[in-house]
Structures are given as C-alpha cells and as structure tokens.
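# Close look at the chain arrangement
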Amino acid sequence: PYTPYVIMMVGVQGSGKTTTVGKLAKFYRSMGYKVGVVAADTYRPGAYEQLRQLADRVGAMFYGEPDSKDPVSIAQRGVEELRKRGADIIIVDTAGRHGYGEEEALLKEMQDIAAAVRPDEVMLVIDAAMGQKSYDLAKRFHEATPIGSIVVTKMDGTAKGGGALSAVAATGARIKFIGTGEDVDEFEVFRPRRFVARLLGMGDLESLLERIERLQGVEEFEKTVAEMVAGKITFRVLYRQLEQMRKLGPFRKVLQMIPGFSTMLDSFDEAAKVSEEKMRKWMSIMNSMTYDELDNPELLEQRSRVKRIAIGAGVEISDVRELYNYYKTVKRMMRQLRKRKDILERFAKMGRLPG
Ligand SMILES: Nc1nc2c(ncn2[C@@H]2O[C@H](COP(=O)(O)OP(=O)(O)OP(=O)(O)O)[C@@H](O)[C@H]2O)c(=O)[nH]1
Ligand SMILES: [Mg+2]
C-alpha cells in the first residue's frame, strides 16, 4: 500500500505558515508530484478559506472541515482522505493563534496533531525579523515535536534572517527554503552562501560569481581589473574592459553585486550608461588609433589627432571626445577605487573561489 510523504507546518501566528503551504505545494507540483493540503487551523477566522483558495491557485488537492473545531481529527481525516485520493505529498497547515501567551496550548495541540498524523517532516516557519527570540522558540517547538526543517519567511524585508541561524542551532534542523514575498512564486530553495553573504552585507556573491564564470577567461578579467587598479589605464585596457563588460552584462548590475560597492555607485553612473551600440562604436574608434595613442590616451588632447581618428573610424568628432571623457571617468573611478583596496582584493579572489 502506498504511503504519502506528510509534512506538518508549525510556527507562531503570522510567521507565514499558510502562505508557505501554498508555496511548497506549488514547488512540489512543478516537480510533478500530486500534492494535497489539509486545513487544520481552527482558530484563525478565514484560515479555511485562505488555504482553500491557495490550493485552488496552485493546483493542489484540498481537505478541510469549515465547521469543525477539532484540528486533530481534521488532520487525521485529511491525511487519510488525501492519501486515498492519491497524493504523493500531504502538507498539514496548523494554527499559530496562541502566540506566546497561550503557548502551552499551542504546543499541546502540535503534539496531538503530530501523534495523529505521524508526519515525515515537521517544518518550522520562522519570520526573518524574529531575531534572537528564534532560539527559545525553536527550542520549545523542538521539544514538543522534533523539528526536521526550517523555512525562513519575509526575507524580502529589511531583516537579514540571522535569528534563523539560532533556530538551526536550537534544533539541529536545516534551513530548506526561504520566502521572499507574499506571492506563491516568491519562494526559493535555501542557498547558504547567498544567505551568509546577505548576513554579512556582502551583496549577492552568488550571482556575481555566476556572471564572472560566464566570462570566457576569468584570468583575463582579473588581469584587467588588476591593471586598472595599478593605475595603468590606457585605451588598450579600456578596449579589453569593454569587451569583457559586454560579456558580463551591464556594468552597473555587476557593480551592484560587488561587496561594498553600492554606496559608490553614483560615481559609476556615467560609465554605466554605456550601451551596446556605444561600445561597438568606441571599439571601432580605438581600432583607428595608432599604437602610441592606444598607450597614451592623453595624446587625444590634440585636436588634430581626434579629427584623424574620427574620420578613420567614420564617426563624428564628438564621438571620439565622448570616448576620451569615458576614459577620464574610468581613470577617476579607479583612483577612488584604489582607496578601497580591500574590496578589490576580495573581488579578484572571488573568481577563484570553489564553486
Ligand atoms: N513579504 C512577505 N510576506 C509574507 C511572506 N510569507 C508570508 N507573508 C505574509 O505574512 C502574513 C501572514 O502570513 P500567513 O501565511 O497567513 O501566516 P500564518 O503563519 O499562517 O498565520 P496564522 O495562521 O495566523 O498563524 C500574510 O500577510 C502573508 O502574505 C514572505 O515571504 N514575504
Ligand atoms: Mg495560517
């Protein structure tokens, strides 16, 4: 006889249990599982309706008893009923109504429901903003019914979710998912690196790495960065940088992800507005420069050179001027950047971090 996998949600009022049931259901549905959800929250007015609608939206089977006041028997009948209907995964939503004041009753109810449905996994839902209270809370829940996994919700808010780590410490359970918004799609598999980077205020290391990996030669990119930091900015370096930027995506997006950079972004704005088309134009301008000019951009202070280059590249004089101004902007940027060596060293190292 087939036994479905039963997940029981627990957590205090408003932590996001019911929302997370919807998100989980959608997540598992997208992997091809048949999912059923049980509304075993008899405290919160509207809990039944909230979950029924969510189930509808994500294509999950639903079980609930709108007039019953007995969560234990609802849970038990729900799991049995959904099993008969062929669910692979059954998620039981529970009440969080008691909060701190009526905690004893809440924990007792959890134990009774757990004893009735014998869940394969008890999932603790924690609000990212809960902070240090998470430790005690998780510990007490864990003592009532062993917590198997943790979901941290509201990671889209200002809280960084550090409290969740204390919940991990208190239970030994691992964080499996994070909630990043109210919508059923705003849900992600937990990624430790990203989480830690956020905790440390380091920007989105993970995505930055992904982008850097897309570069054909990470080493080349590092070389360019190193060269720029060392202050040797020539048109040759710029040419290479532009080529690499085109592969990296918009400069601004990349910079935004570099630890500590967001605050410096204003000075980069000009550089950021370089469009694909402009990059191509600039590259052709550089192609019509002499080696001397490529190595010594300041030669473009001479009008006659600017004119010759413009004609050679088939562009207007103002285009060449613009490139020259871009060069000066980058030079200025790099001077500012050199004061923040720590950042650059980290940036250069990142390309070598293990996947
Ligand atoms: N911004 C944001 N809001 C969320 C997230 N998860 C849940 N919420 C919101 O938090 C509020 C409470 O969510 P519920 O899912 O009803 O919380 P609950 O734990 O079931 O609450 P009770 O049933 O009263 O115990 C709702 O307004 C949700 O839309 C999230 O990841 N991000
Ligand atoms: Mg709820």
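Our subject is the structure that appears above.
This write-up is about the structure you can find in this document. (Residues numbered from 1 in each chain as written. Chains lettered and ligands numbered in written order. Predicted model: local features only at pLDDT ≥ 70, side-chain atom pairs only at ≥ 80, totals over all residues. Heavy atoms only, no water.)

Peptide bonds are mostly trans, and most non-glycine residues show a negative phi. Within the chain, Arg-118 stands out as a residue other than glycine whose phi angle is a positive 45 degrees. Looking at where Arg-118 falls in the secondary structure, it is placed in the loop between α4 (103–117) and β5 (121–127). Unusually for a residue other than glycine, Lys-154 sits at a positive phi of about 60 degrees. By the element assignment, Lys-154 lies in the loop between β6 (149–153) and α6 (162–171). Looking at Lys-154, the relative accessible area reads 36%, which means it is partly exposed. (Helix = DSSP H or I, 4+ residues; strand = E, 2+ residues; numbered from the N terminus. Buried < 20%, exposed > 50% of the residue type's maximum accessible area, 1.4 Å probe, protein only.)

The nonpolar side chains of a soluble globular protein tend to be buried with one another. Core analysis: the biggest nonpolar cluster contains 43 residues, and Phe-141 and Ile-150 have the highest contact counts within it. Not counting the four nearest positions on each side in its chain, Phe-141 is found in contact with Val-10, Gly-11, Val-12, Leu-106, Leu-107, Met-110, Leu-124 and Ile-147. Counting 27 residues, the second-largest nonpolar core is a separate cluster that includes Trp-282, Val-315, Val-320 and Leu-337. (Core = buried A, V, L, I, M, F, W, Y, C linked by side-chain atoms within 4.5 Å. Contact = heavy atoms within 4.5 Å.)

Geometry of an aromatic ring pair is reported as the spacing of the ring centres plus the angle between the planes. Applying the stated criterion to the full structure yields nine aromatic pairs. Each ring, one from Phe-27 and one from Tyr-28, has its centre 5.3 Å from the other, and the planes form 75 degrees; the classification is edge-to-face. Ring pairing ties together the aromatic residues Phe-27, Tyr-28, Tyr-33, Phe-177 and Phe-187, which thus form one cluster. (Phe/Tyr/Trp six-rings, centres within 6.5 Å; stacked < 30°, edge-to-face > 60°.)

Next up on the list: the site of ligand 1. Every one of the 20 residues lining ligand 1 counts as a neighbour, but Lys-17, Thr-18, Thr-19, Arg-44 and Asp-156 are closest to it. Between ligand 1 and Gly-14, the relevant distance is 3.0 Å, taken from an oxygen atom to a main-chain nitrogen or oxygen of the residue. In the complex, the protein chains occlude 85% of the 650 Å² of accessible area that ligand 1 would expose alone. Its atoms largely coinciding with the cavity grid, ligand 1 occupies the largest pocket. The leading source of residues in the shell around ligand 1 is helix α1 (residues 17–30), at four residues. Considering only residue class, the shell around ligand 1 consists of one nonpolar, twelve polar and seven charged. (Near = heavy atom within 4 Å. Polar contact = N/O pair within 3.5 Å; in protein donor to acceptor, adjacent residues only side chain to side chain. Areas by Shrake-Rupley, 256 points an atom, 1.4 Å probe, with all protein chains shown as cover. 1 Å grid on protein atoms, 1.4 Å probe; cavity = no way out; pocket = protein on both sides within 12 Å on 5 of 7 lines; lining within 4 Å. Sits in = over half its atoms within 2 Å of the grid points. Nonpolar A, V, L, I, M, F, W, Y, C, P; charged D, E, K, R; others polar.)

Time to look at the sheet that holds strand β7 (residues 174–179). Taken together, eight strands build an open sheet; the order of strands is β3-β2-β4-β1-β5-β6-β7-β8 and the sheet is mixed. The open sheet is flanked by β3 (61–63) and β8 (187–189), the only strands paired with a single partner. Adjacent strand axes in the sheet meet at a mean angle of 25 degrees when their direction is disregarded. In the sheet, strand β1 (residues 5–10) pairs with strand β4 (residues 89–94) via four bridges, with the strands oriented parallel. The partner of Met-8 across the bridge, within β4, is Val-92. The strands that helix α3 (residues 71–84) touches are β1, β2 (35–40), β3 and β4; relative to β2, the one it contacts most, it runs at about 165 degrees. Its contacts with the sheet place α6 against β5, β6 and β7, and it is angled at close to 165 degrees to β6. (Pairing = 2+ DSSP bridges. Axes fitted to C-alpha atoms, helices over the stretch in contact; angles between N-to-C directions.)

Turning next to the side chain of Glu-109. With respect to the helices and strands, the residue Glu-109 is situated in helix α4. It is Lys-17 that comes nearest to the buried, bridge-free Glu-109 among opposite-charge side chains, at 9.5 Å. (Lys, Arg positive; Asp, Glu negative; His and termini not counted. Salt bridge = Lys/Arg side-chain N within 4 Å of Asp/Glu carboxyl O.)

Here we take up the pairing of β1. Among the six residues that make up β1, five are buried, leaving the element largely enclosed by the rest of the structure. Sheet topology places β1 next to β5; four bridges connect them, and they run parallel. Pairing of Ile-7 across the sheet is with Glu-121, part of β5.

Estimates place the volume of the largest pocket at around 400 Å³. With five residues, the single largest contributor to the lining of the largest pocket is α1. (Points joined across faces, edges and corners; volume = space filled by probe spheres on them.)

Relative orientation of the contacting elements α3 and α4 amounts to 25 degrees, with a least axis distance of 9 Å. Between α3 and α4, the crossing angle belongs to the class labelled roughly parallel. Note that α3 runs across α4; the crossing there is right-handed. Between α3, through Pro-71, Val-72, Ala-75, Gln-76 and Val-79, and α4, the contact on the second element is made entirely by Glu-109, Asp-112, Ile-113, Ala-116 and Val-117. Of the residues that constitute the contact of α3 with α4, the class distribution is seven nonpolar, one polar and two charged. (Parallel < 35°, antiparallel > 145°, perpendicular 65-115°, else oblique. Left-handed = near helix turned anticlockwise from the far one by under 90°.)

The subject of this paragraph is the packing of helix α15 (residues 303–313) against helix α16 (residues 317–338). Any two packed helices are characterised by how steeply their axes cross, that is the angle between the axes, and by the distance between the axes. Across the interface, α15 lies against α16 with an axial gap of 8 Å and an inter-helix angle of 115 degrees. Between α15 and α16, the angle is such that the two are roughly perpendicular. Between α15 and α16 the crossing geometry is right-handed. Touching Arg-303, Val-306, Lys-307, Ile-309 and Ala-310 of α15 are Ile-317, Val-320 and Arg-321, all from α16.

With that settled, consider the environment of Tyr-63. Tracing the sequence through the fold places Tyr-63 in strand β3. Residue Tyr-63 is classed as buried on the basis of its relative accessible area of 15%. Along the primary structure Tyr-63 and Arg-52 are separated by eleven residues, whereas in three dimensions their C-alpha atoms are 8.0 Å apart. Leave out the neighbours within four places in its chain, and Tyr-63 touches Val-37, Val-38, Ala-39, Ile-74, Arg-77, Gly-78, Glu-81 and Leu-82. Only 2.6 Å separates the side chain of Tyr-63 from the side chain of Glu-65, close enough to count as a polar contact.

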